[in-house]
Amino acid sequence: ATTSFPIDRERVAELLGFSGILENSLDAVSTRDFLLETLANLALLAVDVTRFVEDLIVWSTSEFGIVELPDEFAFTSSIMPQKKNPDVLEVIRARMGILIGSFVSCATVLKGLPSAYNMDFQEVTPRLWEALQTAQSCLSMLSKVTLSLEVKPNVLEKPSLTFLAATELANMLVRNHKVPFRTAHKIVGALIKTLIDEHKSLNDVTPMLLAEISDKFLETPLDVNVEEISISVDPYLVVKSHKTKGGPAEQETKRMINARKNVLTASEKWIWEKKDILEKTDRSLDAEADKILGKG
């Protein structure tokens, strides 16, 4: 209801370090948008972190062997001495679920409240503090795991992973031999099935085999040379060729990393500026209090 006293709300906001006021008094008193917005951001963060953590857990298994988790963040099985458990990552994965739960629980509490202030608000605020602390501790731990992570060299040379280049093989048929992608997709799909049935990989593809498969879908069999095939099925060359903006090519990856470092630098600057503002407002508030009390 604001007040009948002639207060200066903008001055109050300034003394408390806020950038402005919520003009509508009922909106200011009866909502907790800042809380839900923060928890919603944490929930989105939790989804992304959980997916990344899950990738690391899967990639660290003996079946994939793409990464090696640092020993200080993994523990042996209580029954299998040969097993290396990603315990830290599993705990992070679980706690990310708590962040999502915090958003849902607070939204559920707030959704049915009548306008004006309600004691229910006091029940949701602790969820925000807990969620922030959980996110901070998990991100700190995840950063340590990531910095100590060992990526296995030559992992793309595994025969089973050569099938990752199947799409690029189809792309090559489109670019070099003017085959419609839908048809190229069918040809490569049939080729992969044949290779799997014969316990082979894309490294075993020959011009003769490709011609034999393509003859089932085209009027004239494809005449593809060995060099075209070898370039298309080499996972390293496939990655290198994906240099479109946002792609995994080394040059583009470095550009994206540098761009995100700039974002982090700008964010850190923003945080320090906000902290500086709060420190100045604290001093200003103390000065105003001293003036009222006749001190100074």
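As the structure is a prediction and not an experimental result, all values here were calculated from the model. (Residues numbered from 1 in each chain as written. Predicted model: local features only at pLDDT ≥ 70, side-chain atom pairs only at ≥ 80, totals over all residues. Heavy atoms only, no water.)

J.: So, the overall build of the protein: which residues are in play, and what are the values?
T.: Scanning the protein from N- to C-terminus turns up eleven helices and four strands. Taken over C-alpha atoms, the radius of gyration comes to 29 Å for the protein, far larger than the 19 Å a tight globule of 296 residues would show. In terms of overall dimensions, the protein has C-alpha extents of about 95 × 50 × 40 Å along its principal axes. For the protein, buried positions account for 27% of its 296 residues. Considering only contacts in the protein between residues 6 or more positions apart, those separated by 24 or more positions represent 62%. (Helix = DSSP H or I, 4+ residues; strand = E, 2+ residues; numbered from the N terminus. Rg over C-alpha atoms; globule rule 2.2 N^0.38 Å. Buried < 20%, exposed > 50% of the residue type's maximum accessible area, 1.4 Å probe, protein only. Contact = heavy atoms within 4.5 Å.)

J.: A description of the environment of Phe-52 should follow, citing residues and the corresponding values.
T.: Tracing the chain through its elements places Phe-52 in helix α3 (residues 33-59). Phe-52 has contacts with Leu-142 and Thr-146, leaving out every residue within four places of it along the chain.

J.: Quick one: what's the story with the layout of surface pockets, residue by residue and with numbers?
T.: Taking a probe equal in size to a water molecule and rolling it over the atoms shows the remaining empty space. A volume near 1600 Å³ is recorded for the largest pocket. Along the walls of the largest pocket sit 34 residues, with Gly-17, Phe-18, Ser-19, Phe-34 and Trp-270 positioned nearest its centre. Among the secondary structure elements, those contributing two or more residues to the lining of the largest pocket are α1 (9-15), α2 (25-30), α3, α5 (121-147) and α11 (250-292). Among the elements that make up the lining of the largest pocket, the one with the highest residue count is α11 (nine residues). Within the lining of the largest pocket, the residues separate by chemical class into 17 nonpolar, nine polar and eight charged. The computed volume of the second largest pocket comes to approximately 660 Å³. (1 Å grid on protein atoms, 1.4 Å probe; cavity = no way out; pocket = protein on both sides within 12 Å on 5 of 7 lines; lining within 4 Å. Points joined across faces, edges and corners; volume = space filled by probe spheres on them. Nonpolar A, V, L, I, M, F, W, Y, C, P; charged D, E, K, R; others polar.)

J.: Tell me about the packing of aromatic side chains, residues and numbers included.
T.: The description of an aromatic ring pair rests on the distance of the ring centres and on the angle between the ring planes. Scanning the model with the defined rule gives one aromatic pair in all. If you follow Arg-32 out to its NZ or CZ, it ends over the ring of Phe-121, 4.0 Å from the centre. (Phe/Tyr/Trp six-rings, centres within 6.5 Å; stacked < 30°, edge-to-face > 60°. Lys NZ or Arg CZ within 6 Å of the ring centre and 35° of its normal.)

J.: Tell me what's going on with a negative patch on the surface, and back it up with residues and numbers.
T.: Together, Glu-279, Asp-282, Asp-286 and Asp-290 make up a negatively charged patch on the protein surface. Looking at where Asp-290 falls in the secondary structure, it is placed in helix α11. (Patch = residues over 30% accessible without salt bridge, like charges linked within 9 Å, V, L, I, M, F, W, Y side chains within 5 Å. Areas by Shrake-Rupley, 256 points an atom, 1.4 Å probe, with all protein chains shown as cover. Salt bridge = Lys/Arg side-chain N within 4 Å of Asp/Glu carboxyl O. Lys, Arg positive; Asp, Glu negative; His and termini not counted. Charge placed at Lys NZ, Arg CZ, Asp CG, Glu CD.)

J.: Give a detailed account of unusual backbone geometry, specifying residues and quantitative values.
T.: Even without being a glycine, Ala-116 presents a positive backbone phi close to 90°. The topology assignment puts Ala-116 in the loop between α4 (87-111) and α5. Phi is positive for Lys-178, which is not a glycine, with a value near 55°. Along the chain, the position of Lys-178 falls in the loop between α6 (166-177) and α7 (181-197).

J.: I'd love a proper account of the pattern of salt bridges, names of residues and values included.
T.: Any two side chains of opposite charge can pair, given that their charged atoms come close. For the structure shown, the criterion picks out 14 salt bridges. Ionic pairing is found between Lys-200 and Glu-198, a salt bridge with its closest N-O pair at 3.4 Å. Classification of Lys-200 by relative accessible area gives partly exposed; the value is 38%. For Glu-198, a relative accessible area of 42% translates into the label partly exposed. Lys-280 is paired through a salt bridge with Asp-276; the nearest N and O atoms lie 3.3 Å apart. One end of the pair is Lys-280 and the other is Asp-276, both in helix α11 and four residues apart, which spans about a single turn.

J.: Please provide a residue-by-residue account of the side chain of Glu-252, values included.
T.: Here Glu-252 is to be found in helix α11. Side chain to side chain, Glu-252 and Arg-255 meet in a polar contact 2.6 Å long. Those residues within four positions of Glu-252 in sequence are excluded, and the remaining contacts are Lys-243, Thr-244, Lys-245, Gly-246 and Gly-247. (Polar contact = N/O pair within 3.5 Å; in protein donor to acceptor, adjacent residues only side chain to side chain.)

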